[in-house]
Every structure is written in structure tokens, then in C-alpha cells.
Amino acid sequence: MPNMSLEKVKMPEQAPDVRNKNFEEVSMGYTEEMAIEEAQRCLNCKHKPCMGGCPVNVKIPEFIALVAEGKFEDAYYKIQETSSLPAVCGRVCPQENQCEKYCVRGIKGEAVGIGRIERFVADWFMKNGKASIEKPEPNGKKVAIVGAGPAGLTCAGDLAKLGYKVSVFEAFHTPGGVLMYGIPEFRLPKAIVQKEIDKLKDLGVEINTNMVIGKVLSIDELLNDEGFDAVFVGTGAGLPSFMKIEGESLNGVYSANEFLTRINLMKAYKFPEYDTPINVGKSVVVVGGGNVAMDAARSAKRLGAEHVYIVYRRSEEEMPARREEVHHAKEEGIEFKLLCNPNKINGEDGWVKSVECIEMELGEPDASGRRRPVAKEGSEFNIEADSVVIAIGQTPNPLIKNTTPDLETNKWGCIVAKEETGATSKTGVYAGGDVVTGAATVILAMGAGKTAAQSIDEFLSNK
Amino acid sequence: MYKIVRKEVLNPSVSLIEVDAPYIAKKAEPGQFIILRVNETGERIPFTIADYDREKGTVTIIFQKVGKTTELLDTLNAGDEILDFVGPLGVASHFENVKRVAVIGGGLGTAIAYPQAKKLHSMGVEVDMINGFRNKDLVIIEDMCKQACTNLYTMTDDGSNGNKGFVTSKLEELIKSGVKYDLVVAIGPLVMMKAVCELTRPYEIKTIVSMNPVMIDGTGMCGGCRVTVGGETKFACVDGPDFDGHLVDFDQAILRSKMFKEKEADSLKQHKCRMEGMQNA
């Protein structure tokens, strides 16, 4: 008999006024008992609607049934059949828009906590599982993966399992991409990402850091001189957008990329133990309404800012950030200035002093289907600020595009790739993730990496 | 890990290291830079490539001890290794249709100006190199520069090498004596580059400067290195580091260079205290 509770088993969290002063993980995860109790809420539907919402087709009812029986190790292997990074997905996937959105239990009450159970299984295995990774028989073919983020790592893992010799090229000194430089420690501990990457290395994946493809080697050189049979490009959307308003070059204005990279990758929150500095000051304005904006705001709070404001030009309903992140941010004392937009940043002696904002109201729906924000004349007001973080989006880096003339890109600089295969305009070159779609989610990038791995395998098997 | 194959102390605060980095050496061009991180807790810091040897597979950088990273770097010797070394980054310098060029180096900037002079000289261009230092004890790579230009002028602020004056006074003297330059390349402290640009502007001599702002990744990702050029925001790492000096907003660049000054000074002070503590222990 399933557990008919209408609510998910609560996941223990650090108290808001404790966690907003440290970088430890906010959510502490289920115990074995909690995981079993939540797993028992699954009805094990025959038509498996949840799986249809998962970009990497995790066999959700099957692994949850194993958890309900207490077979955690088997549950892990079931997830691993289709997903390379379960500990990551369990934490950062927008489950409410994917698997959990289609859960039958969600019709009356809350959906099964699929993400929470997945996270439990992955963490349980990291602690208790026996690494029994069998290296597949090498098939003698070499594939280069450009970019060690979620798309690249997924593609690398899938190809390695099929016997390909896989070399990943990463521009930074650490693999992981946005999982390392973007998403903060308190949402995704870096030790967990590192463990997932170590598992890929155990599979035989070779990771070359400090290699900026497009500079040190071109795509053509990978194919012609370095002996790779195919290339997957998963370089993400790393180019920050600015607002092009007055005062953006003042000291104290950061792109979200710079702000988060200093903190997450370079560990500026441990300055001076780590050498990379960051200045936040007492009052911080974060512009934007996505997950990146929430991450920046919550990081600023943890670095000691007294006031952290989210300035977003639409209302809370239109915010692209996950509900859970907005909820966590509010609990931690982030102040939301909704329906307002920065006009300019005022400075003094070269440093940020305040942000001039204007109130907005929602008009007719625009191309995105969301109601267009319109400025209310004469409603300008100032927010005092020591620093400003611009988190209004990223676009793909042009380095590869500029050095690979026969690689087709669109007007936003995204690589054009077929959705069903990841194939680009250049034979043997595949692409996926944010570099194709523009900034999206970790799980969609993983799905694209997975699709491309299948196509690369087909392409090279027939070659 | 990237091995240091040679180290040379050029003056009490400036050293040269030649690093084993064959992939970078194969592609490096004058004007480009690398980013290094000395150790696990280190910062990522950009250094312009001073020289490269494609056959040996090495890249040379010259650095001045100004902060914690460069202090730490200077504790390493031939045979030691640097944790991370990435490049070549930035756009290579591009010279076309020039017959006579003045290449100006200020202090450590001389090391960055050197590969540009060498490249121009090898193209058959007549190169006047003007290098400036505070005094004669700080003069670096004079012999290397001699080989890389037609005429070398080494200036000192205090005249201790017998040539008193700033690089700008020498350049002005040459221009006034009737030398016609197609191009001036000025590399050094921001105030020096600004002064050179102010000097060449009325003569309408195209002037290229090399910007070296704070940056993290060096690939266009952080945007920390933004420079206003001709009213537009540019990223020094991917759009530069060379820019038309007459269009650069130097006053803003000077302000931006102070963004982390306090923290950097803190970091250096703590580092020095620890080093002294270790020596006294």
C-alpha cells in the first residue's frame, strides 16, 4: 500500500539565519528512513509520465521502487544506466518543470520528491557504494570534447562507456564548467562535482585543462592533426551581457560571471587563504530574475552584505528562477524590488554609490508570451549600493565560431545543430548545451550531450 | 604542471622565466598573453608573452614583483613547476604598411614592447626603441632590445645612465627633429601610455597601446577587463590587449586598476609576514 500523504517528506535544511552566513550546503538531504518513506509515495504508474519529463530518460519509477525496498545500490545503478551525474541533477534540476510536473500524485497534493530521492541515492552511493566501474573494450576511435561542463561531461561519459577514447579539453584549470564556476557551493558542493568527474576519469576519460580551443588548437587541428575522429562542442554560454547603461564601468560593478567565478571557482569567500579578492560592501544590487541572480544575491549575503536587493523588471510570476531558489532567497533576507529597472549607476571617485531605478508596470504580452514591462514616467528612485551585479544573461563565446569558418551559427552567435542529433554544418562536428540553445539548464545540456553521443557513435560506426 | 626551464634575475625586482609549454609556443604571436596560477590557492594573473621558441617549445615571461602572486612566482627556480599556464590569449599585434615605427617601453613594459620591436625589425621596418626606467639599476634586457631595433634609446628619470628624461621627451625630440613615424607602439604604466598618446595626438601618428587590466579567465567570460575604447565597452582579453591609444579612456582605466588595490595590499602584507615568520622560526 503506497504512502498516501499529500505532502513530500520534508528535507532537513540549515536554518535561514544560520545558513546566510556560511557557504555550506543549504539542504542536508534525506536519511534512509525519509527516502524510503518518500519513495513509498510513488504509485509506480504503468505509463510512467514522469519519465517523459526527463531530458535524459532516467528510469524513475524503477529506481524509486528499488529505494522503497531499501535496495539503494541497485537504485543507483538503475539511475546510472541513463544519467552520468545523478548527484548533480538531484540538486540543481528544475524538477517542478520536468519529471515532477507530470507526477500523478501532483494532481492532488505534492508530486513525489523525485529529485530529493535521486539526490539521496547518489549521495548514499558516494558514501557506501562499491566502485565497480568496468572499463569497456577500446574500439580504437578517438573523440574530442570541447568544454567540460554538463553537456561535454555527459557526452564524454556515454562515449567512454561505448569504448571510445575520449579527450576533454577545458579552458579553465578545473573541469565542471558552470557546475564549478557558476553554481555556488551552498547549492552544489564542489566536492560532489569533483567525485562525479573522478568517476568519468575512472572510465578512461582524459581531461586536459588549460586548453582554450580556438586559440591553442582549432577544431580543424583536432580533426586533422591531433587524430580525432569526431568533435563535440559544449562550450556553453559564457559571454556576459551588460545593460549598456551609464556607470557600468564603475568600480564595484560585476558581471554575474565575474562575481560568481571569483567566489565559486577562485574561492574568494576564503580570502585571504585563497588569493582572489572580491569586494561586496554593505549594500548590493543584483539585476535580474533568474537562478544566476538568486545565486549572486545569496552569495553576496553570505559575504556579509547587510542589504542585498534583487532588481527585476517584471513581477515575481515572470521570474525565470526556480520557485525553490526564490523561496530560499527570501528566507535568507534578500530584498526583492520587483517591477523596477535600473536607469543608470551613479558613482563617486570611480566607485559605485547608488543605482537609479524606475518603476515598471506590465503591459501587453511580448514575443516571449510574458507581459512586457513598461516604465512609469516620473517614478525614478535611488538605491544606495556599494556593488552591483549584472545577471541579465549570457551568450555563447565567439572563440570557436571565429576560428571555424565552416561552422554555421545563428544571429545570436549560437552554433546551429540539429535537435535530434546534435549534428552541425561541419561533418564530424557535433554540438549541444547552451552553445546551441543559449543559456538554459544543466539537465537540458546533459540531454543534448547524450543525444550527440548516440549520433557520434552512429556516425563513427558507419564510417 | 608547467616546468620552468630557465630563470634570470634582470634587476632586484624583475625576473625572467622560460616555461615549458609546447602547445602555446607553437601558436604564440607578439602581443598575446598567457594566464598563470602558481598554486592551488593562487590567483589567475595575465602576463604578456615576452618571447617564445617554437622548436624548444618554451614561452618566456618577464615579471615584476608587485603583489603576492609575483612574489610567489619569484620564489620558483629552474626545475620548479607552475600549476596552471594557459594561452596564447588575446589578439596578436597586426602591423601593415609601416616603414618607420617608434616602440616605447616603460619599466617592465619594455619586456612587453620587446617582442613587438623584434617582430617589426624582422619585417624590415626601421624601429626606434625608446625605453624608460627610474634609474640605471632598473634597466632590463638592454642587449636583447639592441638586437631588436635600429636605434635604441634608454632613458632614466634621474639621468643615472647619462640619458636623463622621460620616454615622451625623447619621442618628442625625435618627432621635432623631423623623423616621420607611421606608427607608435607604447607599452608601460597607464600614465605613461596616456602621456605618449597625448603627445602623438596632435601629430596624428597612429598609436597602439597594450592594456593589462584585472581579469580572471582571459577568454571573454568575466568581463572584468572591460575598457572603454571610442565610447564602446571592449574586453581587453578578447578584443585586445592592443587598442588604438587615441580612443582609450585612460582615466577610467586608471580608476579601474584600483578596484582590488586594498585587498591586494592586504594579501601581500600577510604573505610577507608569513614568509618572515618562517625565516625567523
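Residues numbered from 1 in each chain as written. Chains lettered and ligands numbered in written order. Predicted model: local features only at pLDDT ≥ 70, side-chain atom pairs only at ≥ 80, totals over all residues. Heavy atoms only, no water.

A. Representation of the pattern of salt bridges within the structure. Across all of its chains, the model carries 54 salt bridges over all chains by this definition. With a closest N to O distance of 3.8 Å, A:Arg19 and A:Glu13 form a salt bridge. The class of A:Arg19 is buried, set by a relative accessible area of 0%. A salt bridge links B:Lys234 to B:Glu232; its shortest N-O distance comes to 3.7 Å. (Salt bridge = Lys/Arg side-chain N within 4 Å of Asp/Glu carboxyl O. Buried < 20%, exposed > 50% of the residue type's maximum accessible area, 1.4 Å probe, protein only.)

B. Focus on the interface of chain A and chain B. Taken together, the contacts link 45 residues of chain A with 42 residues of chain B. Carbon and sulfur atoms supply 55% of the area buried between chain A and chain B, which totals about 3,800 Å² over both sides. Linking chain A with chain B are two salt bridges. Where A:Glu221 meets B:Lys27, a salt bridge forms, and the shortest distance between an N and an O atom there is 2.6 Å. There are 20 residue pairs in polar contact (both at pLDDT 80 or more) connecting chain A and chain B. Broken down by secondary-structure element, the contributors of at least two residues to the side of chain A that touches chain B are strand E5 (239–240), strand E6 (253–255) and helix H12 (256–265) of chain A. The element that contributes the greatest number of residues to the side of chain A that touches chain B is H12(A), accounting for four residues. Its residues placed into classes, the side of chain A that touches chain B shows 21 nonpolar, 15 polar and nine charged. (Contact = heavy atoms within 4.5 Å. Buried area = accessible area lost by both parts, 1.4 Å probe. Polar contact = N/O pair within 3.5 Å; in protein donor to acceptor, adjacent residues only side chain to side chain. Helix = DSSP H or I, 4+ residues; strand = E, 2+ residues; numbered from the N terminus. Nonpolar A, V, L, I, M, F, W, Y, C, P; charged D, E, K, R; others polar.)

C. Looking closely at the pairing of strand E12 (residues 371–375) of chain A. All names here are of chain A. By the bridge criterion, four bridges tie strand E11 (residues 351–365) to E12 in an arrangement that is antiparallel. Across the sheet, residue proline 365 finds its bridge partner in E12, namely arginine 371. Linking two consecutive strands that pair antiparallel, namely E11 and E12, is a turn of five residues; a positive phi of about 85° is found at glycine 369 within it. (Pairing = 2+ DSSP bridges.)

D. Inspection of helix H13 (residues 291–302) of chain A at higher detail. Residues and elements named next belong to chain A. Taking 1.5 Å as the rise per residue, H13 with 12 residues should run 16 Å; its terminal C-alpha atoms sit 16 Å apart, in good agreement. The element H13 is largely enclosed, with a buried count of 10 among its 12 residues. Residues Ala293, Met294, Asp295, Ala296, Ala297, Arg298, Ser299, Ala300, Lys301 and Arg302 constitute the buried set of H13. Following H13 by one or two positions, glycine 304 adopts a phi angle in the positive range, close to 105°. (Expected span 1.5 Å × (residues − 1).)

E. How the structure looks around the sheet that holds strand E7 (residues 283–287) of chain A. All names here are of chain A. Reading across the sheet, the five strands line up as E6-E14-E7-E8-E9 and stay open at both edges, with parallel pairing between neighbours. Each end of this open sheet is capped by a strand with a single partner; those strands are E6 and strand E9 (335–338). Pairwise comparison of adjacent strand axes, ignoring direction, gives a mean angle of 20° for this sheet. The pairing of E6 with strand E14 (residues 387–390) spans three bridges and is classified as parallel. Within E14, the position partnered with tyrosine 254 by the bridge is valine 389. Packing of H12 onto the sheet brings it into contact with E6 and E14, and relative to E6 it is tilted by some 85°. Packed on one face of the sheet, H13 meets E7, strand E8 (307–312), E9 and E14 and runs near 165° to E8. (Axes fitted to C-alpha atoms, helices over the stretch in contact; angles between N-to-C directions.)

F. Representation of the domain arrangement of chain B. Residue and element names in this part refer to chain B. Examined at the domain level, chain B breaks down into domain 1 (2–89) and domain 2 (100–210). The distance between the C-alpha centroids of domain 1 and domain 2 comes to 24 Å. Taken together, the 14 residues of domain 1 in the interface contact 13 residues of domain 2. A buried area of about 1,100 Å², summed over both sides, lies between domain 1 and domain 2, and 64% of it is on carbon and sulfur atoms. The tally of links between domain 1 and domain 2 comes to two salt bridges. (Domains from an automatic or database assignment.)

G. Representation of the sheet that holds strand E11 (residues 151–156) of chain B within the structure. Residue and element names in this part refer to chain B. The sheet built from six strands is open, its strands ordered E11-E10-E9-E12-E13-E16 with mixed pairing. The sheet is open, and its two edges are formed by E11 and strand E16 (242–244), each paired on a single side. Averaged over all pairs of adjacent strands, the angle between their axes in this sheet comes to 20°, without regard to strand direction. Here strand E9 (residues 100–106) pairs with strand E10 (residues 126–133) via seven bridges, running parallel. Looking at E10, one finds that valine 103 is bridged to methionine 129. Against the sheet, helix H3 (residues 109–122) touches E9, E10, strand E12 (183–187) and E16, its axis set at about 160° to E9. Helix H6 (residues 190–200) rests against E9, E12 and strand E13 (207–210) of the sheet, and its axis sits at about 160° to E12.

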